[in-house]
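The lines below spell out each chain.
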Amino acid sequence: MGREMEHTGLDFPKLIVFEVTNRCNLRCRMCAQSVRDFKYADMPFEIFEKMAPALEHARDVSLFGWGEPLLHRRFLDMFDFVSQYPPDIFVLTNGMLLDEQIGEHFIEKRLRYLNFSMDAPVPELYNHIRRGGDFHRVVGNIRRFREQCESGGYCPYMRTVAVLMRSNIELFPDFVRLSAELGMDEVKGVHLIVYDPSFIKESLYFHQELTNRIIDESLEVGEKLGIKVNLPDKFGTGHPPSGHKYCHRPWEEFYIQADGRVRACVFSHEIMGDLRTQSFEEIWHGEPFQERRRTVNSATPPAECARCCHYRHMDVDNLAAYLRLDDPVPNTRQADKWRKSKEAERTTVFAVDLAQIKKEYGLELEGVH
Ligand SMILES: C[S@@+](CC[C@H](N)C(=O)[O-])C[C@H]1O[C@@H](n2cnc3c(N)ncnc32)[C@H](O)[C@@H]1O
Ligand code: SF4
Ligand code: SF4
């Protein structure tokens, strides 16, 4: 993208995210759903219709956010509507509600990417982490869907995903084995983001040697079984410097919350407009988006951008990257309060006092330099 586009924006976003619902049928222990006060909403179908002009031009559409997309009563209508347009569609689900009918639609309408969040390869740990979930049911749903794919002659690109933490990291090589056996194209691990102090000891930042060893072992297992293993960088192996990187998202992404309000990107809390009362064009070319484009890569970026270390690449050696203890999480009651006080935070630098955290939580840091 040329610099001349900086303040004007592109005609259309490349990625449109529809947070179909922010309600969930599970309460996974590490998830913000368990520790934040969400303002629950189901996206009205009209939001999809309003996005038709942008859907003609986008490249990708995601149908998930905070919540379980398959829980929406009209999920299939939404999926069918979006699938009339050119973008590739991406669904991430906990898999509990994937039934034969949904499977048929995914195959018939050529869903491009299907991700299953699973976190563990065995029932006891899965059911412990994914509270309210049922390991056998999810595995059964995936196996049935694979059979449907085989008889339908089409299968989306499929991934399993695990949030990597102390309680499941040692089972990750088995998670790779299970994923291969379930016919996945890829198995992915993402670092735990800590939303609540009770989870801080689960962060692998405090278990670096163990994590590095498991990463090596898992990559080996994946290679043997012919499945792609997608894991974060090992600790201490060189990485991009921490801090703000040039960010393209406000020119590329349009994130629609379940309530119809629009944010600049998935990590942003700030509201750019409201699709219940405005058109796509009004929001995309409106002042809040333009202001974000003017400031995101400036010397005084918005506070949330100054703090954001997720853009493109997570810096695994920066403890700050794992901690969101005070993060209000968008579309929660805490976020409304935060927005009112955001000016005070405008120049916040994204850094964490390791000694303070250590003292506060009584941590022994294994393998931390
Ligand atoms: C919030 S969920 C929404 C979609 C769906 N409910 C699911 O579980 O796949 C999106 C992804 O965030 C992951 N996730 C939840 N809590 C997390 C945390 N504390 N740190 C990192 N990822 C987390 C989930 O495991 C899932 O892969
Ligand atoms: S299923 Fe997804 S949204 Fe629901 S609690 Fe678990 S991780 Fe969070
Ligand atoms: S810096 Fe982060 S929060 Fe700001 S627009 Fe980019 S991705 Fe979003």
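Residues numbered from 1 in each chain as written. Chains lettered and ligands numbered in written order. Predicted model: local features only at pLDDT ≥ 70, side-chain atom pairs only at ≥ 80, totals over all residues.

**A closer look at the packing of helix H5 (residues 100-108) against helix H7 (residues 135-152)**
Then step 1. At a closest axis distance of 10 Å, the pairing of H5 and H7 adopts a crossing angle of 40°. Of the possible angle classes, the one that applies to H5 and H7 is oblique. Our pair here, H5 against H7, has a crossing hand that is right-handed. Mapping the contact onto sequence places Glu100, Gly103, Glu104 and Ile107 in H5 and Arg144, Phe145, Gln148, Cys149 and Gly152 in H7.
Then step 2. For the contact of H5 with H7, the class distribution of residues is 3 nonpolar, 3 polar and 3 charged. (Axes fitted to C-alpha atoms, helices over the stretch in contact; angles between N-to-C directions. Helix = DSSP H or I, 4+ residues; strand = E, 2+ residues; numbered from the N terminus. Parallel < 35°, antiparallel > 145°, perpendicular 65-115°, else oblique. Left-handed = near helix turned anticlockwise from the far one by under 90°. Contact = placed C-beta atoms within 7 Å. Nonpolar A, V, L, I, M, F, W, Y, C, P; charged D, E, K, R; others polar.)

**Details of the site of ligand 3**
Then step 1. In the vicinity of ligand 3, 12 residues are found, and the nearest of them are Cys247, Cys265, Phe267, Cys305 and Cys308.
Then step 2. Those elements that place two or more of their residues in the shell around ligand 3 are helix H11 (249-252) and helix H14 (303-307).
Then step 3. Tallied by class, residues from the shell around ligand 3 come to 9 nonpolar, 1 polar and 2 charged. (Near = placed C-beta within 6 Å.)

**Regarding the site of ligand 2**
Then step 1. Neighbouring ligand 2 are the residues Cys24, Leu26, Arg27, Cys28, Cys31, Gln33, Trp66, Gly67, Glu68, Asn94, Ser117 and Arg130.
Then step 2. Of the residues that constitute the shell around ligand 2, the class distribution is 5 nonpolar, 4 polar and 3 charged.

**Thoughts on the confidence of the model for the protein**
Then step 1. Of all residues in the protein, 86% attain a pLDDT of 70 or more, and the chain-wide mean is 88.
Then step 2. Note that residues 1-8 has pLDDT below 50 and, in this model, 8 contacts with residues that lie over four places away or in other chains.
Then step 3. Overall, residues 346-351 carries pLDDT values under 50, and its contacts beyond four positions in sequence, including any with other chains, amount to 13 contacts. (pLDDT = per-residue confidence, 0-100.)

**Focus: the nonpolar core**
Then step 1. Ile16, Phe18, Leu164, Leu192 and Ile256 are the most contacted members of the largest nonpolar core, which has 78 residues in total.
Then step 2. Sort the elements by how many residues they give to this core and strand S5 (residues 157-164) lands first, with 5 residues. (Core = buried A, V, L, I, M, F, W, Y, C linked by C-beta atoms within 7 Å. Buried ≥ 20, exposed ≤ 12 C-beta atoms within 10 Å, placed from the backbone.)

**As for the sheet that holds strand S10 (residues 271-274)**
Then step 1. Spatially, the 10 strands line up as an open sheet ordered S7-S6-S5-S4-S3-S2-S1-S8-S9-S10, and their pairing is mixed. A single partner strand is all that each edge strand has here, and the edge strands are strand S7 (228-230) and S10. The average undirected angle you get between the axes of adjacent strands in this sheet is 20°.
Then step 2. Sheet topology places strand S2 (residues 60-62) next to strand S3 (residues 88-93); 3 bridges connect them, and they run parallel. Within S3, the residue paired with Asp60 across the bridge is Asp88. (Pairing = 2+ DSSP bridges.)

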